[in-house]
Amino acid sequence: MARRRLSEAIRWQIIGMHATGASFKAIGRQLGYHYTVISRLVRKHRQTGAVKDRPQSGRPRVTSEREDRALLRIIRREPFSTSTVLKRAWLPNRHLSTRTVRNRLKAAGMAARRVIKRPRLTDDHKRRRLAWCLARQRWNLRTWRRIHWSDESRFLLHVTDGRLRVWRHRNTAYTPRNIRQTVPFGGGSVMVWGCISHDCKLDLVTIRGNLTGDQYMRHVLEPVVVTHFDNHPLATRPVYMDDNARPHRSRAVVDYLQNNAVTTLPWPAMSPDLNPLEHVWDILGRRIQALQPPVQTLRELEAALHRESLQVTREQIRRLTGGMRRRVDAVIRARGGFTRY
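Going by what an unreviewed UniProt entry lists, the protein chain is known as Transposase and is assigned to Littorina saxatilis.

Time to look at the overall build of the protein chain. Counting its secondary structure elements, the protein chain contains 14 helices and 5 strands. For the protein chain, the C-alpha radius of gyration of 32 Å lies well beyond 20 Å, the compact-globule estimate for 341 residues. Once the C-alpha set of the protein chain is aligned to its principal axes, its extents read approximately 105 × 50 × 45 Å. Here the protein chain holds 341 residues, and the buried ones make up 36% of them. For the protein chain, the share of sequence-separated contacts (at least 6 apart) that also reach a separation of at least 24 residues comes to 70%. When the accessible surface of the protein chain is summed, it comes to about 23,000 Å², and 51% of that surface belongs to carbon and sulfur atoms. Each charge class in the protein chain was averaged separately, 67 positive and 27 negative side chains, and the resulting centres sit 16 Å apart.

Attention now goes to the sheet that holds strand E3 (residues 201–207). Ordered in space as E3-E2-E1-E4-E5, the 5 strands form an open sheet in which the pairing is mixed. Either end of the sheet is taken by a strand with one partner, and the two such strands are E3 and strand E5 (263–264). As paired elements, strand E4 (residues 239–241) and E5 share 2 bridges and run parallel to each other. Directly across from Tyr240, in E5, lies its bridge partner Thr264. Strands strand E1 (147–156), strand E2 (189–196), E3 and E4 of the sheet are contacted by helix H9 (residues 213–229), whose axis makes an angle of about 170° with E3.

Attention now goes to the layout of surface pockets. As a volume, the largest pocket reaches approximately 1,300 Å³. Together, 34 residues line the largest pocket, and Arg114, Lys117, Glu278, Asp282 and Arg286 are the ones closest to its centre. Breaking the lining of the largest pocket down by element, the ones donating at least two residues are E1 and helix H11 (277–289). Take the lining of the largest pocket: its biggest share by element is 8 residues, from H11. Along the lines of polarity and charge, the residues of the lining of the largest pocket split into 14 nonpolar, 8 polar and 12 charged.

With 14 residues, helix H3 (residues 35–48) extends 20 Å between its outermost C-alpha atoms, agreeing within 8% with the 20 Å of an ideal straight helix rising 1.5 Å per residue. Along H3, the residues classified as buried are Ile38, Ser39, Leu41, Val42 and Lys44. Elements that come into contact with the buried residues of H3 comprise helix H1 (8–19) and helix H2 (24–31). After H3 finishes, the residue Gly49 shows a positive phi value of roughly 75°.

In this section: the packing of aromatic side chains. The final tally for this structure, using the stated rule, is 7 aromatic pairs. Grouped by ring-pair contacts, the aromatic residues Trp132, Trp139, Trp144, Trp149 and Trp267 constitute a single cluster. Sitting over the face of the ring of Tyr35, Lys25 holds its NZ or CZ atom 5.3 Å from the ring centroid. Directly above the aromatic system of Tyr341 lies the positively charged group of Arg340, at a separation of 5.4 Å from the ring centroid.

Before going further, it helps to spend a moment on the pattern of salt bridges. According to the stated counting rule, one finds 14 salt bridges in the structure shown. With a shortest N-O distance of 3.5 Å, Asp68 and Arg104 are connected by a salt bridge. Of the two residues, Asp68 sits in helix H4 (residues 65–77) while Arg104 sits in helix H6 (residues 98–107), which places them 36 residues apart along the sequence. You can call Arg104 buried: its relative accessible area is 13%.

To continue, consider unusual backbone geometry. The linkage connecting Gln292 with the following residue, Pro293, adopts the cis geometry, with an omega of -5°. Position of Pro293 among the secondary structure elements: in the loop between H11 and helix H12 (298–309). Although it is not a glycine, Ala261 sits at a positive phi angle of roughly 55°. Its place among the elements puts Ala261 in the loop between helix H10 (251–259) and E5. The exposure class assigned to Ala261 is partly exposed, which follows from its relative accessible area of 41%. At Arg335, a position not held by glycine, the phi torsion is positive, near 55°.

Glancing now at the UniProt feature "domain: Transposase Tc1-like" (unreviewed entry) in the protein chain. Within this structure's numbering, the places UniProt gives as "domain: Transposase Tc1-like" (unreviewed entry) are residues 68–136. With 59% helix and 0% strand, residues 68–136 has its two end C-alpha atoms placed 47 Å apart.

Where H1 meets H2, the closest approach of the two axes is 10 Å, and the angle between their N-to-C directions is 140°. Relative to H2, the element H1 lies oblique. By crossing handedness, the relation of H1 to H2 is classed as right-handed. Counted together, Ile10, Gln13, Ile14, Met17 and His18 of H1 and Phe24, Ile27, Gln30 and Leu31 of H2 form the full contact between these two elements. Residue composition of the contact of H1 with H2, grouped by class: 6 nonpolar, 3 polar and no charged.

Reading the values: rules and limits
- Residues numbered from 1 in each chain as written.
- Predicted model: local features only at pLDDT ≥ 70, side-chain atom pairs only at ≥ 80, totals over all residues.
- Heavy atoms only, no water.
- Helix = DSSP H or I, 4+ residues; strand = E, 2+ residues; numbered from the N terminus.
- Rg over C-alpha atoms; globule rule 2.2 N^0.38 Å.
- Buried < 20%, exposed > 50% of the residue type's maximum accessible area, 1.4 Å probe, protein only.
- Contact = heavy atoms within 4.5 Å.
- Areas by Shrake-Rupley, 256 points an atom, 1.4 Å probe, with all protein chains shown as cover.
- Lys, Arg positive; Asp, Glu negative; His and termini not counted.
- Charge placed at Lys NZ, Arg CZ, Asp CG, Glu CD.
- Pairing = 2+ DSSP bridges.
- Axes fitted to C-alpha atoms, helices over the stretch in contact; angles between N-to-C directions.
- 1 Å grid on protein atoms, 1.4 Å probe; cavity = no way out; pocket = protein on both sides within 12 Å on 5 of 7 lines; lining within 4 Å.
- Points joined across faces, edges and corners; volume = space filled by probe spheres on them.
- Nonpolar A, V, L, I, M, F, W, Y, C, P; charged D, E, K, R; others polar.
- Expected span 1.5 Å × (residues − 1).
- Phe/Tyr/Trp six-rings, centres within 6.5 Å; stacked < 30°, edge-to-face > 60°.
- Lys NZ or Arg CZ within 6 Å of the ring centre and 35° of its normal.
- Salt bridge = Lys/Arg side-chain N within 4 Å of Asp/Glu carboxyl O.
- UniProt positions renumbered as here; feature names shortened; annotations may be inferred.
- Parallel < 35°, antiparallel > 145°, perpendicular 65-115°, else oblique.
- Left-handed = near helix turned anticlockwise from the far one by under 90°.

Quick look at the structure:
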């Protein structure tokens with residue numbers, strides 16, 4: 001049984017009661033402590049004039065500061081290593097626990113955190129991203145608001161988070177309530193196309209099957225994009241942005257856009273952080289996951305996507321599109337590398 005610790009107020013109360021002539025046993029009976037606790041406290045007060053506990057050395061460290069620095073050098077080289085792997089690589093001839101490894105890293109201000117995932121960037125990708133941003137560094141909002149940002153995204157019916165944890169007792173891993181049921185390939189998915197600008201938001205288009213160049217023209221460009229662009233006079237005609245996916249860059253698609261006077265924005269590969277529409281997909285994904293009751297079929301998922309997209313406000317979109325200069329500056333500071341967007 002853990003001992004009850006005396007608060008500082010109780011300690012001074014004991015000293016005061018003893019000063020008035022009360023015995024150790026009388027004080028102990030009144031306050032609910034053994035008389036030896038009272039006597040030790042009074043003796044310490046006579047010797048030191050204080051009632052606080054003396055500093056304690058605790059368990060001696062099993063590693064030196066030099067060895068701790070060696071661990072930090074390893075973690076800088078291999079930041080994704082587990083504590084078990086680090087224990088073997090750090091001091092293989094010493095009997096250490098993984099708890100010791102985690103304690104040393106914690107003392108150095110480090111903790112295991114969620115990994116940020118980004119597309120793989122080659123040196124050529126970084127050069128092209130940097131050049132694209134430098135060419136548009138001085139664009140103002142009046143220029144950026146002409147850009148119509150488009151993209152496709154696929155939403156799974158059942159999303160499984162690999163970081164999911166469960167609170168349970170030992171040897172209860174296979175209890176039904178502790179098992180997260182899954183289905184192959186997320187139970188199916190729905191792909192949608194979307195487009196936003198600083199001043200408008202086009203309706204979502206559901207993509208049936210895999211997207212091809214012909215399907216892109218018949219279901220997206222002709223009925224939605226070209227129709228919308230034709231409502232603008234040539235002097236203020238928008239600029240269309242789509243990424244470098246193969247259906248977007250087929251010869252038939254390129255010719256169709258040119259024949260319909262749709263100006264496109266050149267796009268650097270591997271640059272989702274420069275497209276504000278990616279954050280709209282994130283908003284939709286979070287809202288779909290928060291639905292109660294959750295969607296059960298692909299038809300319900302499709303309907304929910306179209307319904308929730310209508311709830312994305314113009315203010316939310318303008319906060320995204322209005323921050324393009326910050327995105328461009330972030331890529332320039334990273335010399336074409338990764339950004340926080």
